[in-house]
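# Analysis of the macromolecular model
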Amino acid sequence: MLLSGLLLPLPLQTPNPSLPPISTASLRPRASTIRRAGGGGSGAVPRLALRRRLEVRALDAAQPFDHESRASDLLERRSKLKIAIIGFGNFGQFLAHTFARQGHALLAHSRSDYSDAARSLGVSFFRDAHDLCEEHPDVVLLATSILSTGAVLRSLPIQRLRRNTLFVDVLSVKEFPKNLFLQLLPPGFDILCTHPMFGPESGKASWAGLPFVYDKVRIGDANGRADRCQRFLDIFEREGCRMVEMSCTDHDENAAEIQFLTHTVGRILAKLDLKSTPINTKGYETLLNLVENTCSDSFELYNGLFMYNKNSTELLDRLDVAFDSLKKELFGNLHDILRKQLFKSTQSSLERANN
Ligand code: NAP
């Protein structure tokens, strides 16, 4: 019987028991395989027995479980993370949208009940943080308000997590969460401090070209830990973010100017209650957009930028000085003109009187 020459010596097995079982329908050989292998068929091998042997061993059957596709499938699965988002408000949900689209398994926990919003995003929502931690996520991501992060972190039952879980934060200030993590997390946990420098408004259409700042504060050497951190960063890289590795200290120095200043100017302008007019200039449109972009974030976020970035106080002082100096310049000019006019008119009246 020629058949035996075409058979593989080993029975087919899935390489990883955690992969789903392969359906027997997909294992059915193509008719050509039987024809060539059987060479006309003597009838010595019963038809059922022949099919059963071919089902698992035929070499030339191009099956969806061949080595290459299994390997790429495995690689794809290994690149996926189980991410627990703590703080499922505005920004937490915004991030979840993209994480879910990239195929990561998502869990969430928040002070408020976001079960419905989570369901619509394909996220498992846990009212109880203990239940979430018992799911042993690869990554715990804090997307809580800056002001509440300390209390939230202290309330998490981290003893229920795996011993080398990766903690990530996305707070808009960086030295504060870094110090908090170093102070409260066991030394075996990895720490990645990040700041996606965009939000639901500015990153609505795409994240391409938008800055993503990160600091690998503590990533252990043990097997797979650097890789896990990289897989998390890859989420943002795949979206085309401009990846910027920067220390938390440098971030806060820069962010005070970039972010706190932007938000402060936006909020000052909001107090003027600016209205759109039929003769808006491009510059004025920019101001209106600035108000909209900054005031759509919570006041708590803005307050956090002020309270937890030591450079913000100095920036407010500089803003005051700059405004005063500008006013002095304007009023100085005005006084000069008025004084000149005053002296001119006094002089002319004197001249008139003398004549
Ligand atoms: P936020 O007002 O700064 O934070 C809202 C989140 O904090 C919600 O999940 C809320 O939980 C939680 N929270 C507030 N007070 C809490 C408390 N006392 N106890 C427990 N949880 C509390 O608004 P956000 O825009 O969603 O920002 C979240 C984080 O992302 C902030 O740290 C912010 O700096 C950072 N970030 C935001 C942006 C942005 O554009 N929005 C961009 C980059 C980074 P509940 O909703 O369950 O009450």
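Attention here is on the structure that accompanies the text. (Residues numbered from 1 in each chain as written. Predicted model: local features only at pLDDT ≥ 70, side-chain atom pairs only at ≥ 80, totals over all residues. Heavy atoms only, no water.)

Helix and strand content of the protein: 13 helices and eight strands. For the protein, with 355 residues in total, the buried portion stands at 36%. (Helix = DSSP H or I, 4+ residues; strand = E, 2+ residues; numbered from the N terminus. Buried < 20%, exposed > 50% of the residue type's maximum accessible area, 1.4 Å probe, protein only.)

A few words now on the layout of surface pockets. In this structure, the largest pocket spans a volume of roughly 1200 Å³. Lining the largest pocket are 45 residues, with N90, F91, S172, D297 and L301 positioned closest to its centre. Among the secondary structure elements, those contributing two or more residues to the lining of the largest pocket are α4 (90-101), α7 (149-155), β6 (190-196), α10 (248-271), α11 (282-295) and α12 (299-307). Considering each element in turn, the lining of the largest pocket owes the most residues, four residues, to α10. Class assignment of the residues belonging to the lining of the largest pocket gives a composition of 19 nonpolar, 22 polar and four charged. A domain-level breakdown of the lining of the largest pocket finds at least three residues from each of domain 1 (77-246) and domain 2 (254-327). (1 Å grid on protein atoms, 1.4 Å probe; cavity = no way out; pocket = protein on both sides within 12 Å on 5 of 7 lines; lining within 4 Å. Points joined across faces, edges and corners; volume = space filled by probe spheres on them. Nonpolar A, V, L, I, M, F, W, Y, C, P; charged D, E, K, R; others polar. Domains from an automatic or database assignment.)

Our next topic: the pattern of salt bridges. For the structure shown, the criterion picks out 14 salt bridges. Close ionic contact of D190 with R228 constitutes a salt bridge, the shortest N to O distance being 2.9 Å. Here D190, found in strand β6, pairs with R228, found in helix α9 (residues 225-238); they are 38 residues apart in sequence, far enough to count as distant. Where K275 meets D273, a salt bridge forms, and the shortest distance between an N and an O atom there is 3.0 Å. Judged by its relative accessible area of 52%, D273 is exposed. If you follow the salt bridges from partner to partner, you end up with D190, R225 and R228 in one network. (Salt bridge = Lys/Arg side-chain N within 4 Å of Asp/Glu carboxyl O.)

Now for α10. In this model α10 runs 32 Å from its N-terminal to its C-terminal C-alpha over 24 residues, within 8% of the 34 Å that 1.5 Å per residue would give. The sharpest bend along α10 reaches about 50 degrees and sits at A255. All of the buried residues in α10 are C248, H251, D252, A255, A256, Q259, F260, H263, T264, G266, R267 and L269. Lining the buried residues of α10 we find α8 (175-184), β6, β7 (211-218), α11, α12 and α13 (310-354). A positive phi of about 50 degrees marks D273, the residue just after α10. (Expected span 1.5 Å × (residues − 1). Bend = angle between axes of the 7 residues up to and from the residue. Contact = heavy atoms within 4.5 Å.)

By size, the foremost hydrophobic cluster in this structure holds 33 residues, and its most contacted members are I83, F88, L95, F99, L141, F232 and F236. Of all elements in the fold, only β1 (82-86), α4, β2 (105-109), α5 (115-121), β4 (139-142), β5 (166-169), β7 and α9 reach the threshold of two or more residues within this core. If we ignore the near neighbours within four places in the chain, the residues touching L95 are L141, V170, W207 and F236. Counting 30 residues, the second-largest nonpolar core is a separate cluster that includes F126, L161, C193 and F260. (Core = buried A, V, L, I, M, F, W, Y, C linked by side-chain atoms within 4.5 Å.)

Counting buried positions over the five residues of β1 gives four, a clear majority of the element. Taken together, the five bridges between β1 and β2 define a ladder with parallel strand orientation. Within β2, the position partnered with K82 by the bridge is A105. As for the winding sense of the linkage, the β-α-β connection from β1 through α4 to β2 is right-handed. Judged from the four bridges that link them, β1 and β4 form a sheet pairing that is parallel. Directly across from I86, in β4, lies its bridge partner L142. (Pairing = 2+ DSSP bridges. Right-handed = clockwise from strand over helix to strand, strands pointing away.)

To continue, consider the sheet that holds β6. Across the sheet, eight strands lie side by side as β3-β2-β1-β4-β5-β6-β7-β8; this open sheet has mixed pairing. Strands at the two margins of the open sheet, each flanked by one partner only, are β3 (124-125) and β8 (242-245). Strand direction decides the pairing type here: β4 and β5, joined by four bridges, are parallel. Residue pairing in the sheet places V140 in a bridge with F167 of β5.

Contact geometry of α10 with α12 gives a least axis separation of 10 Å together with a crossing angle of 130 degrees. As summarised for this structure, α10 and α12 are arranged oblique, according to the angle between their axes. With respect to the hand of their crossing, α10 and α12 are arranged in left-handed fashion. Mapping the contact onto sequence places Q259, F260, H263, T264 and R267 in α10 and F299, Y302, L305 and F306 in α12. (Axes fitted to C-alpha atoms, helices over the stretch in contact; angles between N-to-C directions. Parallel < 35°, antiparallel > 145°, perpendicular 65-115°, else oblique. Left-handed = near helix turned anticlockwise from the far one by under 90°.)

The values reported here are purely geometric and, on their own, carry no functional implication.
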